[in-house]
Amino acid sequence: MPVHVERAELPGIGVRHDILTKGGRRLSVVNYRDGEREIAIADEDDPDRAADMIELTDDEAIALSEVLGGSLILTQMAGLREQIAGLHMEHIPVRADSPYVGRTLGDTRARTLTRCSVVALVREHGVLPAPEPADRLDAGDALIAVGTREGLDKLVRIVGGD
């Protein structure tokens, strides 16, 4: 079921986005005009009062969005894999000896050659969901790809340089 997000303009302050969780708690993200941001958790007894506020730096906000976005994509893909016969998911490491280290994802021609989709890049410091063809591959990265068993096997060989 889709989640309803309410947007509230805060004149002179910024914008607040509210999400009502399944458990009935209100979670708010406040984006201030000066670029600062906070996450607020509403008081259970008074939804208009914050029980707790957490200020996030730029790096913390990016990391949080990567963690939430990446884990959501992987969870959804795992559920799809169970629902659709013939659809498989593969975790493909980019080894240091791969011919694609330092090159872009698009250089692999993954979709064209294998009919597989790379849905995320797992990196040392987080997950990049829905990577673009211009995203660079580094040794130690891993591709999360979805496709047929044959296509994924071919993609493993391509990324490995076989």
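Because the structure is predicted, anything quoted here is derived from the model rather than measured.

Trainee: What's the story with helix 3 (residues 149-160) in this structure? I'm lost.
Mentor: Since one α-helical turn is 3.6 residues long, residues separated by three or four positions face the same way. The terminal C-alpha atoms of helix 3 lie 17 Å apart, and with 12 residues this matches the ideal 16 Å at 1.5 Å per residue to within 8%. Taken together, the buried positions of helix 3 are occupied by Gly151, Leu152, Leu155, Ile158, Val159 and Gly160. On its buried face, helix 3 sits against strand 6 (88-93), helix 2 (110-114), strand 7 (117-123) and strand 9 (142-147).

Trainee: Looking at this structure, I do not really get a negative patch on the surface. What am I missing?
Mentor: Side chains of Asp34, Glu36, Glu55, Asp59 and Glu60 sit close together on the surface and give a patch of like negative charge. Of note, Glu36 is situated in the loop between strand 3 (26-32) and strand 4 (37-42). With a relative accessible area of 36%, Glu36 lands in the partly exposed category.

Trainee: How do you make sense of the nonpolar core when you look at a structure like this?
Mentor: One broad rule of soluble globular proteins: the nonpolar side chains tend to lie buried together. Judged by nonpolar contacts, the single largest core of 15 residues is most densely connected at Ile92, Val118, Leu137, Leu143, Ala145, Leu155 and Val159. Elements that contribute at least two residues to this core include exactly strand 7, strand 9 and helix 3. Apart from the residues lying within four places of it in its own chain, the contact partners of Val159 are Ile92, Pro93, Val94, Ser98, Pro99, Tyr100 and Leu143. Listed in part, the seven residues of the second largest apolar core include Met89, Ala120, Val127 and Val146.

Trainee: Could you clarify how one ought to interpret unusual backbone geometry in this entry?
Mentor: Of note in this structure, Arg109 is not a glycine but carries a positive phi near 55 degrees. Note that Arg109 resides in the loop between strand 6 and helix 2. Of note in the backbone geometry, Arg115 takes a positive phi value of approximately 60 degrees without being a glycine. Looking at the secondary structure, you find Arg115 in the loop between helix 2 and strand 7.

Trainee: Would you take a moment to explain the sheet that holds strand 5 (residues 50-56) for this structure?
Mentor: The strands making up a sheet are joined through hydrogen bonds of the backbone, oriented either antiparallel or parallel. On the basis of which strands lie adjacent, the open sheet formed by five strands has the order 1-2-3-4-5 and antiparallel pairing. Unpaired on one side and paired on the other, strand 1 (5-10) and strand 5 mark the two borders of the sheet. Taken pair by pair, the neighbouring strands of this sheet meet at an average axis angle of 20 degrees, ignoring direction. Examined bridge by bridge, strand 3 and strand 4 share five bridges and lie antiparallel to one another. In the sheet register, Leu27 faces strand 4, and the bridge partner there is Ile41.

Calculation criteria
- Along each chain, numbering runs from 1 in the same order as the chain's sequence is written.
- Confidence filtering applies because this is a predicted model: local features only for residues at pLDDT of at least 70, side-chain atom pairs given and counted only at 80 or more, and all residues used for totals across whole chains, interfaces and linings.
- Values reported for side chains reflect all heavy atoms of the structure, with hydrogen atoms and water molecules removed beforehand.
- The numbering of helices and of strands both runs from the N terminus, where a helix is a DSSP run of H or I of at least 4 residues and a strand a run of E of at least 2.
- Helix span is expected to be 1.5 Å times the residue number reduced by one.
- The classification of residues rests on relative accessible area computed with a 1.4 Å probe and restricted to protein chains. Under 20% of the type maximum is buried, over 50% is exposed, and intermediate values are partly exposed.
- Residues are treated as being in contact if the distance between any of their heavy atoms lies within 4.5 Å.
- Patches here: salt-bridge-free residues with over 30% relative accessible area, like charges joined within 9 Å, nonpolar side chains (Val, Leu, Ile, Met, Phe, Trp, Tyr) joined within 5 Å.
- In short, Shrake-Rupley with a 1.4 Å probe defines the accessible areas, and a residue's cover is counted only from the protein chains shown.
- Only one rule defines a salt bridge in this text: a Lys or Arg side-chain nitrogen within 4 Å of an Asp or Glu carboxyl oxygen.
- Asp and Glu are treated as the negative residues and Lys and Arg as the positive ones, with His and the ends of the chain left uncounted.
- Every charge is mapped to an atom, namely NZ of Lys, CZ of Arg, CG of Asp or CD of Glu.
- In this description, a nonpolar core means a group of buried Ala, Val, Leu, Ile, Met, Phe, Trp, Tyr and Cys residues linked to one another through side-chain atoms lying within 4.5 Å.
- Note: two strands are recorded as paired if DSSP finds a minimum of 2 bridges between them.
- Axes, fitted as lines to C-alpha atoms, cover a helix only where it is in contact. Angles between the N-to-C directions of the axes lie from 0 to 180 degrees.

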